[in-house]
Amino acid sequence: MWRHAARRSSAQIRRSGVMSSSSSPAAPAAAAGAAVPGPCIVHKRGTDILHDPWFNKDTAFPMTERDRLGLRGLLPPRVMSFEQQYDRFSESTPSTSPNFRPRDHLISAALPNVACDALAACCVAVNSFRSLEHNTRGEPDTIVALAKWRILNRLHDRNETLYYRVLIDNIKDFAPIIYTPTVGLVCENYSGLFRRPRGMYFSAKDKGEMMSMIYNWPAEKVDMIVVTDGSRILGLGDLGVQGIGIPIGKLDVYVAAAGINPQKVLPIMLDVGTNNTKLLEDKLYLGLRQPRLEGEEYLSVVDEFMEAVHARWPKAVVQFEDFQMKWAFETLQRYRNRFCMFNDDVQGTAGVALAGLLGAVRAQGRPLSDFTKQKIVVVGAGSAGIGVLNMAKQAMLRMPGINRSGEGHNQFWVLDKDGLITKSRKGLDPAVARYARGFGPEEVQDLHEGASLVEVVRKVKPHVLLGLSGVGGIFNEEVLKAMKESDSPRPAIFAMSNPTTKAECTPEDVFKYVGDNAVFASGSPFSNVTLGNGRQGYANQANNMYLFPGIGLGALLSGARHITDGMLQSAAECIRHITARVGAAVVRAAVDEDLAEGRCDVDARDLKSMTEADTVDFVARKMWYPIYSPLVNDK
Ligand SMILES: NC(=O)c1ccc[n+]([C@@H]2O[C@H](COP(=O)([O-])OP(=O)(O)OC[C@H]3O[C@@H](n4cnc5c(N)ncnc54)[C@H](O)[C@@H]3O)[C@@H](O)[C@H]2O)c1
Ligand SMILES: O=C(O)C[C@H](O)C(=O)O
Ligand SMILES: [Mg+2]
């Protein structure tokens, strides 16, 4: 979806009439149908407004507003337009200062613990994003990515309206910075990078206090919460409190893709300790220095947190993110019928993967009903892998010709760290046991418990090889060469683990070893591959970011009491291009299931009476778009 998103130049923005004035810009073409914000009541004055990124407009406050809000004299006299601010951030000319030493600046940006703020100060032009790109050619990718993140983060801390406009217009370029893969690097270095807090932190030490703490959050209304306990951050393992970067990045995607108002989102970290010894020994580590809580102690913290959220914002949607497998499933089971919540890794990922699996059938020129005949090898039987298997199985059971119980129909070969999972495996989690291979007559491949990946691929000749293992490079040359012998004319390889270093393989290797006819998708972004003869091998992205914004938006706008499999299925089936459509599909499903209670000025009956087109229109109109609103003070 985003790979095709056009980046609008400032000239295009000018043409669309947006930002022609700093106080009352016209509704942008991109947000056609979205509500233009009316005046915004602010309960602050003077520097308090300048220091509040929700309301701050920096130099774009018009003189009338400066008078009204006690800002006259607190800003340089020139009033800049939003457009000029936008250009200043993104397009300033590269520095020609003889003092400019890009490497020094990058080191200071990437390794904030090093005392080189003074160095950074003399590198005058790096507040512009493009000049940073220009000045950092040839530097290591990770250093440049972290420097870019710092620049974006500073803008986020200062002026959210400008930040989100820049993000929306440049989402293809900036998604890899605020989201995977750079967000992984940010989480790994979070304690050192920390300058200002964002979101809320509930720790094991806050037991008994959460019901009052929740009222410390300044916004009266919160619609969307993303919460993690930091126990499985991407494929990077337990990062403790440093995992807060993930909810922040996910909510940035909500604002950019789903048009959720940034004043109504809340990233949350549940710090119940960490089992990462490196972090526990790190002097700078900002989380609780204790091993993770387990069992009932752990659940009582999450219970208290959920009750507190529900008490203050009963209609908020809560997205669980990057919880280790046991807690991902346990919490989903525990809360899904009581609260409006979902687990993105289990449920969001499944929808995206199912869309990819169905796409792989189409790529072979076969009818969708042939999905039931696809042989699928899944590497990784964790929260994401099992989520995908469950949804793919459900989809197969709905196809014609398949026995409803699914008996005798197992098109999946599932491997974990101990190899192929069969019925002879001891101590299997029941969620995984459903997919264990038996040794009955349907087993013609002569495979054994714990068989290696290459053995499985050679014998099964699968149509699809799907990785959610968190192990970088596990689809090696041998495995990919074996995929060349797949029974599919278009073998599909999905390397879905994040971040980039954990991807099971690269697109280069896929097109080299499997062939030009392969279909490739990855969780983190890769560039397309030049195949010769002017052809390209496409590096598609299969990441739950294409689904979760629509799930959250639809659940929110329908006022659904809880989020069901039917709603998730509807979202997966319409993963086309526009989140508004995904959101509308979830609203329709909530209405059909009699779970939509409506919200604000739209009640359940209004929702029921809407046609499909009306619903898309309604969702689009509710999406927030970054435009400065006139501010009116109320003391
Ligand atoms: N693309 C996406 O949208 C998306 C969504 C969710 C998760 N993910 C990625 O998927 C990965 C796994 O996430 P999870 O929540 O399922 O983690 P998890 O820890 O719950 O599960 C990991 C699974 O991989 C297995 N595994 C480990 N080493 C293996 C090996 N050498 N061979 C085969 N299997 C092995 C483990 O036994 C376990 O079953 C992470 O890297 C995560 O970033 C991607
Ligand atoms: O965060 C992502 O990029 C996708 C997914 O939620 C993951 O855990 O890897
Ligand atoms: Mg995740």
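Residues numbered from 1 in each chain as written. Chains lettered and ligands numbered in written order. Predicted model: local features only at pLDDT ≥ 70, side-chain atom pairs only at ≥ 80, totals over all residues. Heavy atoms only, no water.

Before going further, it helps to examine empty space enclosed by the protein. Applying the stated criterion across every chain yields a total of 3 cavities of 30 Å³ or more. Lining the largest cavity are 21 residues, and of these Trp 149, Asn 153, Val 186, Arg 198 and Ile 248 lie nearest its centre. Going through the elements one at a time, helix H8 (141-158), helix H11 (182-188), helix H12 (190-193) and helix H14 (245-258) are the ones with two or more residues in the lining of the largest cavity. When its residues are assigned to classes, the lining of the largest cavity shows 12 nonpolar, 4 polar and 5 charged. Shared between two domains, the lining of the largest cavity takes at least three residues from each, and those domains are domain 1 (2-178) and domain 2 (186-339). Roughly 50 Å³ of internal volume is contained in the second largest cavity. When residues of the lining of the second largest cavity are assigned to their parent elements, the largest contribution, 3 residues, is made by helix H16 (residues 295-312). (1 Å grid on protein atoms, 1.4 Å probe; cavity = no way out; pocket = protein on both sides within 12 Å on 5 of 7 lines; lining within 4 Å. Points joined across faces, edges and corners; volume = space filled by probe spheres on them. Helix = DSSP H or I, 4+ residues; strand = E, 2+ residues; numbered from the N terminus. Nonpolar A, V, L, I, M, F, W, Y, C, P; charged D, E, K, R; others polar. Domains from an automatic or database assignment.)

How two aromatic rings sit relative to each other is set out by the distance from centre to centre and by the angle between their planes. Enumeration over the complete set of coordinates arrives at 12 aromatic pairs. Pairing Tyr 163 with Tyr 164 gives two aromatic rings, centres 4.8 Å apart and planes at 70 degrees, and the pair type is edge-to-face. Considered together, Tyr 163 and Tyr 164 belong to a single accessibility category, that of buried residues. By way of ring pairs, the aromatic residues Phe 320, Phe 323, Tyr 335 and Phe 339 are connected into one cluster. The ring centre of Trp 413 lies 3.9 Å from the NZ or CZ of Arg 437, which sits over that ring. (Phe/Tyr/Trp six-rings, centres within 6.5 Å; stacked < 30°, edge-to-face > 60°. Buried < 20%, exposed > 50% of the residue type's maximum accessible area, 1.4 Å probe, protein only. Lys NZ or Arg CZ within 6 Å of the ring centre and 35° of its normal.)

The next subject is the nonpolar core. One finds Ile 225, Phe 371 and Leu 466 to be the most contacted residues of the largest nonpolar core, which totals 162 residues. Ranked by residue count, the leading element in this core is helix H18 (residues 344-363), at 9 residues. Filtering out sequence-adjacent residues up to four positions away, Ile 225 remains in contact with Leu 266, Ile 268, Val 309, Trp 313, Ala 316, Val 317, Val 318 and Gln 319. Counting 30 residues, the second largest nonpolar core, distinct from the first, contains Trp 413, Leu 447, Cys 505 and Phe 511. (Core = buried A, V, L, I, M, F, W, Y, C linked by side-chain atoms within 4.5 Å. Contact = heavy atoms within 4.5 Å.)

Here we take up the pairing of strand E5 (residues 317-320). Of the two faces of E5, the one holding Val 317 and Gln 319 and the one holding Val 318 and Phe 320 are both buried throughout. The sheet contact formed by strand E3 (residues 224-228) and E5 spans 4 bridges and is parallel. Note on E5: the bridge partner recorded for Val 227 is Phe 320. Pairing geometry for E5 and strand E6 (residues 341-343), over 3 bridges, is parallel. Across the sheet, Phe 320 pairs through a bridge with Asn 343, a residue of E6. (Pairing = 2+ DSSP bridges.)

Sites flagged by UniProt as "active site" (unreviewed entry) map to Tyr 179 and Lys 250. Across 72 residues of sequence, these annotated residues stay compact in space, with a maximum C-alpha separation of 7.1 Å. Here Tyr 179 lies in the loop between helix H10 (171-178) and H11. Of the residues examined, Tyr 179 reaches a relative accessible area of 5% and is grouped as buried. The contact partners of Tyr 179, leaving out residues within four places of it in the chain, are Gly 249, Lys 250, Val 253, Asn 543, Asn 544, Met 545 and Phe 548. The buried category is assigned to Lys 250, whose relative accessible area is 6%. Setting aside residues no more than four positions away along its own chain, Lys 250 makes contact with Tyr 179, Val 226, Gln 319, Glu 321, Asp 344, Asn 544 and Phe 548. (UniProt positions renumbered as here; feature names shortened; annotations may be inferred.)

With that out of the way, let us pick up the coordination of the magnesium ion (ligand 3). Taken together, the protein donors to the magnesium ion (ligand 3) comprise Glu 321 (OE), Asp 322 (OD) and Asp 345 (OD), at separations of 2.0 to 2.1 Å. Along the chain, the residues donating to the magnesium ion (ligand 3) fall in the pattern E-D-x22-D. Placement of Asp 322 in the loop between E5 and helix H17 (325-335) and of Asp 345 in helix H18 is noted, with a sequence separation of 23 residues between them. When sorted by exposure, Asp 322 lands in the same class as Asp 345, which is buried. (Donors = N, O, S within 2.8 Å, 3.2 Å for Na, K, Ca; no water.)

The next thing to look at is the side chain of Thr 422. Of note, Thr 422 is situated in the loop between strand E9 (419-420) and helix H20 (430-433). Residue Thr 422 is classed as buried on the basis of its relative accessible area of 1%. There is a polar contact of 2.6 Å between the side chain of Thr 422 and the side chain of Glu 449. In this structure Thr 422 touches Leu 428, Ala 436, Arg 437, Phe 439, His 448 and Glu 449, once residues within four positions along its chain are discounted. (Polar contact = N/O pair within 3.5 Å; in protein donor to acceptor, adjacent residues only side chain to side chain.)

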